[in-house]
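# Observations on the model geometry
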Amino acid sequence: MIGGARGFIGSAIVDGLRRHGHEVVATSREGGDRRVSNGAELDGLLATTAFDQVVMTPQLTSSDVDWMVDRIDGSRWVVFSSAQLTARAPAPNARVALAREQVALARGAAVLRPTMVFGRGRDHNVSRLARAIRRWRIVPTVGGGAQLVQPVHVEDVASLVVRHREAPSGGLFPVGGDEALPVRELIGMIGELLGVRYAVLDVPGAALHLMAVVGPLTGLRRDQVRRLVEDKMADVAITIETFEWQPRPLPLMLEQAVAEAERC
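Residues numbered from 1 in each chain as written. Predicted model: local features only at pLDDT ≥ 70, side-chain atom pairs only at ≥ 80, totals over all residues. Heavy atoms only, no water.

### A short note on the overall build of the chain
This is how the line gets drawn: Each helix corresponds to a stretch of at least 4 residues labelled H or I by DSSP, and each strand to a stretch of at least 2 residues labelled E; elements are numbered beginning at the N terminus. In this treatment the radius of gyration is a C-alpha quantity, and the globule benchmark scales as 2.2 Å times the residue count to the 0.38 power. The cut-offs for exposure are 20% and 50% of the maximum accessible area for each residue type, with area from a 1.4 Å probe on protein chains only; residues under the lower value are buried, those over the upper are exposed, and the others partly exposed. To measure how exposed things are, a 1.4 Å probe is used in the Shrake-Rupley method; for residues, cover is taken only from the protein chains shown.
Summing up its helical and strand segments, the chain has eleven helices and 13 strands in all. Computed over C-alpha atoms, the radius of gyration of the chain comes to 19 Å, within 12% of the 18 Å expected from 2.2 N^0.38 for 264 residues, which places it in the range of a compact globule. The buried share of the chain, reckoned over its 264 residues, is 47%. About 12500 Å² of surface is accessible on the chain, with carbon and sulfur atoms providing 53% of the total.

### Some points on the sheet that holds strand E5 (residues 77-80)
Rules: A strand pair is defined by DSSP finding two or more bridges across the two strands. Residue contacts follow a heavy-atom distance rule, with two residues in contact if any of their heavy atoms lie within 4.5 Å. Axis lines are fitted through C-alpha atoms, for helices just across the contact stretch, and the angle between N-to-C directions can take any value from 0 to 180 degrees.
Overall, parallel pairing links the seven strands, which are arranged E3-E2-E1-E4-E5-E6-E11 in an open sheet. Two strands bound the open sheet, and with one partner strand each, they are strand E3 (34-35) and strand E11 (171-175). Across three bridges, E5 lies against strand E6 (residues 110-114) in parallel orientation. Across the sheet, Val-79 pairs through a bridge with Val-111, a residue of E6. Seen against the sheet, helix H4 (residues 94-106) touches E5, E6 and E11 and runs at an angle of roughly 145 degrees to E6.

### A short note on the environment of Ala-99
Within the secondary structure layout, Ala-99 lies in helix H4. With 61 residues separating them in the primary sequence, Ala-99 and Leu-160 have C-alpha atoms 24 Å apart.

### Brief notes about the pairing of E5
Stated precisely, the cut-off is as follows: Place the viewer so that the strands point away; then a crossover is right-handed whenever the path from the first strand over the helix to the second strand goes clockwise.
Of the two faces of E5, the one lined by Trp-77 and Val-79 and the one lined by Val-78 and Phe-80 are each fully buried. Here strand E4 (residues 54-56) pairs with E5 via three bridges, running parallel. Each residue of the ladder has a partner; that of Val-55, found in E5, is Val-78. Once the chain exits E5 it traverses H4 before rejoining the sheet at E6, and the crossover so formed is right-handed.

### Observations concerning helix H2 (residues 39-48)
Helical geometry: 3.6 residues make up each α-helical turn, so side chains three or four residues apart lie on a common side. Condition: Here the arc refers to the directions that run from the helix axis out to each C-beta atom. Counted as a polar contact is a pair of N or O atoms within 3.5 Å, where, for protein atoms, one must be capable of donating a hydrogen and the other of accepting one, and residues adjacent in sequence contribute only when both atoms are in side chains.
When H2 is considered as a whole, its buried residues turn out to be Gly-39, Leu-42 and Leu-45. Viewed along the axis of H2, the buried residues span an arc of 125 degrees, placing them on a single side of the element. For H2, the exposed residues lying more than 90 degrees away from the buried face are Ala-40, Ala-47 and Thr-48. Buried positions along H2 lie against strand E2 (26-28), E3, helix H3 (66-69) and E5. For H2, the side-chain oxygen to backbone nitrogen distance between the N-cap and Ala-40 is 3.2 Å, and the N-cap itself is Asn-38.

### A word on the nonpolar core
Buried together is how nonpolar side chains tend to be arranged in soluble globular proteins. Stated formally: Throughout this description, the term nonpolar core refers to a set of buried Ala, Val, Leu, Ile, Met, Phe, Trp, Tyr and Cys residues connected via side-chain atoms within 4.5 Å.
Of all hydrophobic cores here, the largest spans 27 residues; its most connected members are Ile-2, Ile-9, Ile-13, Val-55, Phe-80, Leu-112 and Val-157. For this core, the elements supplying multiple residues, two or more each, are helix H1 (8-19), E5, E6, helix H6 (154-166) and E11. If sequence neighbours within four positions are ignored, Val-55 has contacts with Met-1, Ile-2, Gly-3, Ile-13, Val-78, Phe-80 and Val-161. Listed in part, the 22 residues of the second largest apolar core include Val-126, Val-139, Val-196 and Leu-250.

### Considerations on the packing of aromatic side chains
Put simply, the rule reads: Note on aromatic contacts: the rings of Phe and Tyr and the six-membered ring of Trp form a pair at centre separations within 6.5 Å, being stacked when their planes are under 30 degrees apart, edge-to-face when over 60 apart, and tilted otherwise.
Counted by the stated rule, this structure contains one aromatic pair. Their ring planes at 65 degrees and their centres at 4.9 Å tell us that Phe-173 and Phe-243 sit as a pair that is edge-to-face. Taken together, the residues span a long stretch of sequence, with Phe-173 in strand E11 and Phe-243 in helix H10 (residues 237-243) at a distance of 70 residues. Residue class for Phe-173 comes out buried when judged on its relative accessible area of 3%.

Structure follows, in structure tokens:
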């Protein structure tokens, strides 16, 4: 069973499991194979179907996920969290989300903390950047783009869920790509794949406060703007060891993602 199956990560997981021949019940509040929007509906589904795996993709920062967290019953559950919860500029409701993480871990779930997820033309990271380079030919960076990032393609995230289904294990598992690189290098790789000329505009760190004020006008929350100066990496050694999982090479996945972004 996949909760939040219509979302960016949830839909990729549904596709990944089905490609491997697994039966999937895709649920969401809006519908899907089955509409599940409250505890009673979830109880009814869990009581009538014996699931080998239950995946919870709605973010733990959401105001209405406790009814899902309260029903976790062991390592067959996969709960999606976020590396942003432990950032210096945490996402809204980070404290509540971290408390929900602890409940999920105490109940034996596998809690996944992905860093920068991209791909399928639907993310706000690589896909948004590729479209901005293509359209504006100017890319603003903060601090020269020296911040390290570790992007992971959403299909590799889905493949990790497939690996978990084959060998369930509880615990906290960071999720990131196969390499970390500076933002300016990531921009360069995307620009090369696009085959366009562009300019990098370095924004002084002192201007970050002003960017945080005007950020909402561009679709970015203030905390998202403040995280532009932070490294975004994940030590995935325990995840690789536990599930025998390996994300695919970043250059290959960036090439796929840029093509996906241009099609959407």
